[in-house]
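One-letter residues, chain by chain:
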Amino acid sequence: MELLDGKSVKKQILEELKEKITKLDRKPGLVVIQVGEDPASKVYVGQKEKMSNELGYKYEHIKLNEKVEEKEVLDIINKLNNDDTIDGILVQMPLPKHLDSKKIQNTIDKNKDVDGLCDINAGKLSHNVDTLVPCTPKGVMDILKHYNIEVEGANVVIVGRSDLVGKPLASLMINNNATVTICHSKTKNLESFTKNADILIAAVGKKGIITSNMVKDNAVVIDVGINRVDGKLYGDVDFEGVKDKVSYITPVPGGVGQMTVAELGKNVLKAYNMNEKEKILKK
Ligand code: NAP
């Protein structure tokens, strides 16, 4: 078994990005909007800030009270949409229930949507048109590429169908010529699907749901899940039970989570290039 080391791949991606960023006339700008005090969000926002500082991005963290009115969030986004020094706008999920996440995501200018979650960008991805793509699924594709793991023709099984991970990952896999099966909470006999996977991706949010008997010998296993139990992080895969029968596996932590941060760095630069191009066209 070989570990797919997200930490070292992230380091390499950030080094490559730094080189490109130092050559730019203006610092790319990223704004992260956080609503409320969700402890996991606090950790994720902190990682984004660290990455932005490392890359020399202009970074702003807007922290809003958990009772904030939706109009205030939308007004802030609209202002940022019109700010030429800001290239990426990210609203940290999950949001409190009184806020309409979809509406908020769709208010972000599509060229500043560095989370790739607005309907236009999701549609473009599904139509295989180049666009800003959600960071976690892009991170899964890039870690596979880094280790030269062939996706074309592979039997890929994704457990989880969220707009954030499962669905965009399915599109990326299809666009790269994999044969894709998506499983979810209503799937009957999950094991009968997962056992056929050359590449098995777990994006469920349930500690250890993928056990050894569900995994084919020599499969590649990508564990997207992040589950906090008693202050410790666990994936969706029973790592100890599975590790000796697979060819490659991502650890948790140190796997896909690291890639997610690196992909955000890439998306901000991509958004910068898109926004600069648009400015020239407008002149
Ligand atoms: P989500 O929106 O809650 O989606 C979970 C998916 O799992 C749903 O499609 C759900 O099915 C499915 N599911 C639930 N129970 C199942 C079961 N027993 N059998 C099969 N499928 C089941 O979660 P998410 O946002 O996609 O995140 C998934 C996990 O990845 C979480 O642990 C999250 O923390 C983690 N995550 C990690 C990163 C990272 O950077 N590593 C980034 C994002 C998310 P239904 O659709 O039928 O409900």
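Residues numbered from 1 in each chain as written. Predicted model: local features only at pLDDT ≥ 70, side-chain atom pairs only at ≥ 80, totals over all residues. Heavy atoms only, no water.

Asker: Tell me what's going on with the sheet that holds strand E3 (residues 58-64), and back it up with residues and numbers.
Answerer: If you trace the 3 strands from one edge of the open sheet to the other, you get E3-E2-E4, paired in parallel fashion. Edge positions in the sheet fall to E3 and strand E4 (88-91), since each of these pairs with one other strand and no more. Going from strand to strand, the sheet's axes swing by 15 degrees on average, the running direction of each strand aside. Inspection of the sheet shows strand E2 (residues 29-35) paired to E4 by 4 bridges, in the parallel sense. Bridging across to E4, Ile33 finds its partner in Val91. Set on the sheet, helix H3 (residues 70-81) makes contact with E2, E3 and E4; between it and E3 the angle comes to about 165 degrees. (Pairing = 2+ DSSP bridges. Helix = DSSP H or I, 4+ residues; strand = E, 2+ residues; numbered from the N terminus. Axes fitted to C-alpha atoms, helices over the stretch in contact; angles between N-to-C directions. Contact = heavy atoms within 4.5 Å.)

Asker: For the nonpolar core, give the residues involved together with the corresponding values.
Answerer: Counting residues in each nonpolar core, the largest one holds 50 residues, and the members touching the most others are Met173, Ile199, Ile201 and Ile222. The element best represented in this core is helix H10 (residues 256-282), accounting for 9 residues. When near neighbours in sequence (up to four residues on either side) are disregarded, Met173 contacts Met141, Leu144, Val151, Val156, Ala178, Val180 and Ile201. Core analysis: the next-biggest nonpolar cluster, separate from the first, contains 18 residues, Leu64, Leu74, Val91 and Ile108 among them. (Core = buried A, V, L, I, M, F, W, Y, C linked by side-chain atoms within 4.5 Å. Buried < 20%, exposed > 50% of the residue type's maximum accessible area, 1.4 Å probe, protein only.)

Asker: I'd love a proper account of the state of the cysteines, names of residues and values included.
Answerer: A complete count under the given rule lists 0 disulfides for this structure. Looking at the unpaired Cys135, the closest cysteine sulfur is the one in Cys118, lying at 13 Å. The class of Cys135 is buried, set by a relative accessible area of 5%. (Disulfide = S-S within 2.5 Å.)

Asker: Which residues make up the environment of Thr181, and what values do they have?
Answerer: Here Thr181 lies in strand E6 (residues 179-183). Along the backbone, Thr181 and Phe193 are 12 residues apart, and their C-alpha atoms lie at a distance of 7.8 Å. Residues in contact with Thr181, not counting those within four places in the same chain, are Val156, Val157, Ile158 and Phe193.

Coordinates in, geometry out; function isn't part of it.
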